[in-house]
Amino acid sequence: MSRKLFLAEGETSRTACARGLLRTGVDEKTGELLTAATLAQRVDWAVDLVSGLTGTLLTGHWNASDVDTLASGQDAGGRKLPANAWMALRRLGWTVTAPDGVRVNDRIVRMAQEQAGRALRSAKWRADLTAGVLATWPADPGKRTADEWDAVREAVPGGQFLPSSVIKSRTRQTAAFERRHGRLPVDVFELEPTPRTARMLLLSACDGQQATIERTDEPGRALLRLQLPTRPDPASYKDWTWAACPISLPPTIPASAVLHLPTLRIRHGAVRADLAYTHAVPRTARTGHTIALGVDWGLNTLLSAGAARLHADGRITALGAGARFRAAGVLAKQHRLRRLSEHLHARTDHYQRLINGDEQHPLTAKHHAIGDEIRAVCARRSNLNDALAWSAARWAVDQAIAAAATVIYVEDLRSMEAKGMGRTHNTRMSATVRGQIVDRMRHLAAEMGIAVVTVPARNTSKHCPQCRTPLRHRKAPDRPTKPGWKWAICPSCRWQGDRDQGAWRRIAARGLTHQAKTASDRAGGTMAIRGIVDTLEAGAVITPTAPKNSPDRAKTGPTRHQPTRPAPRRRGAPFPTGPQGPAGKRPEGHANTDRTRLPRAAHRHQDVTTISTSTNRHQPRGTTLGAGFHLHAHATPPRWTIPLPDTTSDMGSLS
């Protein structure tokens, strides 16, 4: 298999990861067929050896001087350290040996050094952040003044663009240490214990003497060969054998992609493989965009998006009326699981106080059972968040593809903190997965050559998208005198519309006018617009499109006579008799009668026009019963035809 990736004009390489599963294998020495359980056992033995060596390395070098030496990028002789973590650790002389009586090859030590080196390199950023917070410790840790905020941002590397929530969370962690010990910590290495290592095999740190992967003649299949121990404590190299494991490649991996050695993990008794691959994708552009998709965040309406076009004369017009991704049912289910988790944690704390360290206490068994239930609930919440993030990101990218947009502008809400809106509303706002959605959005958009850029969120929902005049917010369009926040009315140009629909127009217009100010992060490759320029912001307005002329429907002659005849019946015979209920008689149509009631998702309003709140309070019926994900996530379908002009602009007052 060729390891070289050929790129065409306008393409770039992209490395991604897909999930795989090792179901079986063959011991090449004996020819024995390895079952899934046997293969998982041997991989687990190798993972134990690597984890033990990694923990020894981290314990010995978890200090400020060693982390600074590794992060400096130079060894004692002034030579540049290699990019690979295991090579850098060997250049510095940080080695580790296996326990007495255990024989491992050099590639096992490589995987341990690679994993420990990555953990030590990632600790440098936390060390600098903690040092900056400690050097500018405020008089009141709960509330910094403006000067104290400026001081801490100056002390932290890159603190000018660092979200305030990150600094606040590190401050709370330091304040908790001060309350327990009566003093401030010296550094992050006293504040945090030695990190635990993930139980996995980083085969990417190995070479052909430990593991190889090749595509087979059968499409969508690959063969992974690796050395595994035949016992938990191999005493010699004879206790290591080669195992050949076939892998079914996911359909997301292109046939022309270059495969890399995966990372193996044990989960629920099965061997999971994180399959890394490199393939060619269109190159994303930082500037030169004419069609952009603006995305605004919400609560029940998680995403509101729409496309805007930048014309040659500088005008910006909206393409269509926008779309929505609603996840009220999913968030309600997430809220129910959060309340269940809080209840279980309260019971665990109460049992722990009653047990008081006595392992023979009658409540010990219940305490362990509730701990298992807490882990199960946390896993359900994590899986639900992951499914919601992927679904929302896929929807946003589909909207960009349908509108032929080359960039997606998302408002930057990393520093947003929900406060002052009530306990329930604050909790729901804090539990959203905005960061995960943006990460998934970047991952999916990169495959299509679409850039994802974050823009400042200042005044996106406050000012009019057509004239930048402060809006007046009302309850709903049919209640223009009722104070609220959902419906926006401009007192100047008389534009009115949904608050979120106006916000995505402002976001798209701001991104198109400020695209020359887009900055790209060298480390992660993310793009962002850091600040707002007043001269550019003056042109970030949406020009209203002229309404189409309706055809003249005036009557010019007599009405054509329509013959009176009854509608033909579909059946000429009376309905047969049958049992009552859902299995009864079928009506004269194509409606199915096997269900007496349609799901709530079929009746829910999906249009972009906002109406006043119903007198009947919304109760997600299926959510409380644990219904599926797709019954409670509703999205406006992408418009694959030419988008229609916005019909809510200049519609006049509804009062």
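See above for the structure.
So, here's what we can say about the structure.

**Some points on the overall build of the protein chain**
The helix and strand inventory of the protein chain stands at 15 helices and 22 strands. Each of the 655 residues in the protein chain was classed as buried or not, and the buried ones make up 42%. Here the analysis covers contacts within the protein chain between residues at least 6 apart in sequence; of these, 67% occur between residues at least 24 apart. Looking at the protein chain as shown, the accessible area adds up to about 36000 Å², and 52% of this sits on carbon and sulfur atoms.

**Here's the deal with the pattern of salt bridges**
Taken as a whole, this structure holds 31 salt bridges when the rule is applied. For Arg91, the salt bridge identified is with Asp75, shortest N-O distance 3.7 Å. With Arg91 in helix 3 (residues 85-92) and Asp75 in the loop between helix 2 (64-72) and helix 3, this pair connects stretches of sequence that are 16 residues apart. Among the ionic pairs, Asp372 bridges to Arg375, the shortest N-O distance being 2.2 Å. Highlighted residues: Asp372 and Arg375, both in helix 9 (residues 364-402), separated by three residues, approximately one helical turn. Residue Asp372 is classed as partly exposed on the basis of its relative accessible area of 44%. Bridged by salt links that share partners, the residues Arg90, Asp106, Arg107, Arg110 and Asp207 form one connected network.

**Points about a positive patch on the surface**
Together, Arg19, Arg23, Arg267 and Arg272 make up a positively charged patch on the protein surface. The topology assignment puts Arg272 in strand 10 (residues 270-282).

**Describing the side chain of Arg42**
Within the secondary structure layout, Arg42 lies in helix 1 (residues 36-61). The class of Arg42 is buried, set by a relative accessible area of 10%. If we skip the residues at most four places from it in the chain, Arg42 touches Asp27, Glu32, Leu34, Leu228, Pro229, Thr230 and Thr241.

**Remarks on the nonpolar core**
If you look at the biggest cluster of nonpolar residues, it comprises 60 residues, and the most contacted ones within it are Leu201, Leu203, Leu224 and Leu264. Here this core gets ten residues from one element, more than from any other, and that element is helix 1. Leu203 has contacts with Met111, Ala211, Leu224, Leu226, Leu261, Pro262 and Leu264, leaving out every residue within four places of it along the chain. Formed by 45 residues, the second largest nonpolar core is a distinct cluster that contains Phe325, Val330, Leu363 and Ile437.

**Describing helix 6 (residues 164-181)**
The end-to-end C-alpha distance of helix 6, which contains 18 residues, comes to 26 Å, matching closely the 26 Å that a straight helix rising 1.5 Å per residue would cover. Where helix 6 is buried, its residues touch helix 4 (106-135), helix 5 (146-155) and helix 7 (188-191). Backbone geometry just downstream of helix 6 places Gly182 in the positive-phi region, at approximately 75°.

**Some points on the sheet that holds strand 19 (residues 496-498)**
The strands that make up a sheet pair up through hydrogen bonds in the backbone, lying either parallel or antiparallel. Spatially, four strands are ordered 17-16-18-19 in an open sheet, and the strand pairing comes out antiparallel. With partners counted over all chains shown, the strands left at the sheet margins are strand 17 (479-483) and strand 19, one partner each. Strand-to-strand twist in this sheet, taken as the mean axis angle between neighbours without regard to direction, amounts to 45°. With three bridges connecting them, strand 18 (residues 487-489) and strand 19 associate as antiparallel partners. For Ile489, the partnering residue across the bridge sits in strand 19 and is Gln496. The sheet contacts of helix 12 (residues 499-513) involve strand 16 (472-476) and strand 19, and relative to strand 19 the element is tilted by about 100°.

**Re helix 11 (residues 434-447)**
Note on helix geometry: an α-helix contains 3.6 residues per turn, so any two residues three or four positions apart are oriented the same way. For helix 11, with 14 residues, the first-to-last C-alpha span of 21 Å sits near the 20 Å given by 1.5 Å per residue. Considered for burial, the residues of helix 11 that qualify are Arg434, Ile437, Val438, Arg440, Met441, Leu444, Ala445 and Ala446. Positioned one or two residues after helix 11, Gly449 has a phi angle of 75°, which is positive.

**Concerning the pairing of strand 15 (residues 451-456)**
With six of six residues buried, strand 15 is to be regarded as a mostly interior element. Pairing of strand 14 (residues 407-412) with strand 15, which is carried by six bridges, proceeds in the parallel orientation. Paired with Glu411 across the strands is Val455, a residue of strand 15. The pairing of strand 15 with strand 21 (residues 527-529) spans two bridges and is parallel. Across the sheet, Val453 pairs through a bridge with Met527, a residue of strand 21.

**Here we look at the packing of aromatic side chains**
Taken as a whole, this structure holds two aromatic pairs when the rule is applied. Ring geometry for Trp62 versus Phe189: centroids 5.0 Å apart, planes at 80°, classification edge-to-face. Here Phe189 lies in helix 7 and Trp62 lies in the loop between helix 1 and helix 2, a separation of 127 residues in the sequence. Neither residue differs from the other here; Trp62 and Phe189 are each classed as buried. With 5.9 Å between their ring centres and 45° between their planes, Phe325 and Trp395 make a pair best called tilted. Separated by 70 residues along the polypeptide, Phe325 in strand 13 (residues 316-326) and Trp395 in helix 9 bring together distant segments of the chain.

**Section: the sheet that holds strand 6 (residues 221-229)**
Read across the open sheet, the five strands follow the order 3-2-7-6-5; overall the sheet is antiparallel. Both outer strands of the open sheet, strand 3 (33-34) and strand 5 (211-215), are each paired with one neighbouring strand and no more. Examined bridge by bridge, strand 6 and strand 7 (residues 240-248) share nine bridges and lie antiparallel to one another. Among the inter-strand pairings, Leu224 is bridged to a residue of strand 7, identified as Cys245. Of the strands in this sheet, strand 2 (25-27), strand 3, strand 6 and strand 7 are in contact with helix 1, which crosses strand 6 at around 55°.

**Quick word on the packing of helix 9 against helix 11**
With their axes 8 Å apart at the nearest point, helix 9 and helix 11 run at an angle of 50° to one another. Considered as vectors, helix 9 and helix 11 are oriented oblique to each other. When the axes of helix 9 and helix 11 are compared, the crossing they make is right-handed. Residue-level contacts link Asn385, Asp386, Ala389, Trp390, Ala392, Ala393, Arg394, Ala396 and Val397 of helix 9 to Gln436, Ile437, Arg440, Met441, His443, Leu444 and Ala445 of helix 11. Partitioned by chemical class, the residues of the contact of helix 9 with helix 11 number ten nonpolar, three polar and three charged.

About the criteria used
Residues numbered from 1 in each chain as written. Predicted model: local features only at pLDDT ≥ 70, side-chain atom pairs only at ≥ 80, totals over all residues. Heavy atoms only, no water. Helix = DSSP H or I, 4+ residues; strand = E, 2+ residues; numbered from the N terminus. Buried < 20%, exposed > 50% of the residue type's maximum accessible area, 1.4 Å probe, protein only. Contact = heavy atoms within 4.5 Å. Areas by Shrake-Rupley, 256 points an atom, 1.4 Å probe, with all protein chains shown as cover. Salt bridge = Lys/Arg side-chain N within 4 Å of Asp/Glu carboxyl O. Patch = residues over 30% accessible without salt bridge, like charges linked within 9 Å, V, L, I, M, F, W, Y side chains within 5 Å. Lys, Arg positive; Asp, Glu negative; His and termini not counted. Charge placed at Lys NZ, Arg CZ, Asp CG, Glu CD. Core = buried A, V, L, I, M, F, W, Y, C linked by side-chain atoms within 4.5 Å. Expected span 1.5 Å × (residues − 1). Pairing = 2+ DSSP bridges. Axes fitted to C-alpha atoms, helices over the stretch in contact; angles between N-to-C directions. Phe/Tyr/Trp six-rings, centres within 6.5 Å; stacked < 30°, edge-to-face > 60°. Parallel < 35°, antiparallel > 145°, perpendicular 65-115°, else oblique. Left-handed = near helix turned anticlockwise from the far one by under 90°. Nonpolar A, V, L, I, M, F, W, Y, C, P; charged D, E, K, R; others polar.

Shape is all these values report; function is a separate question.
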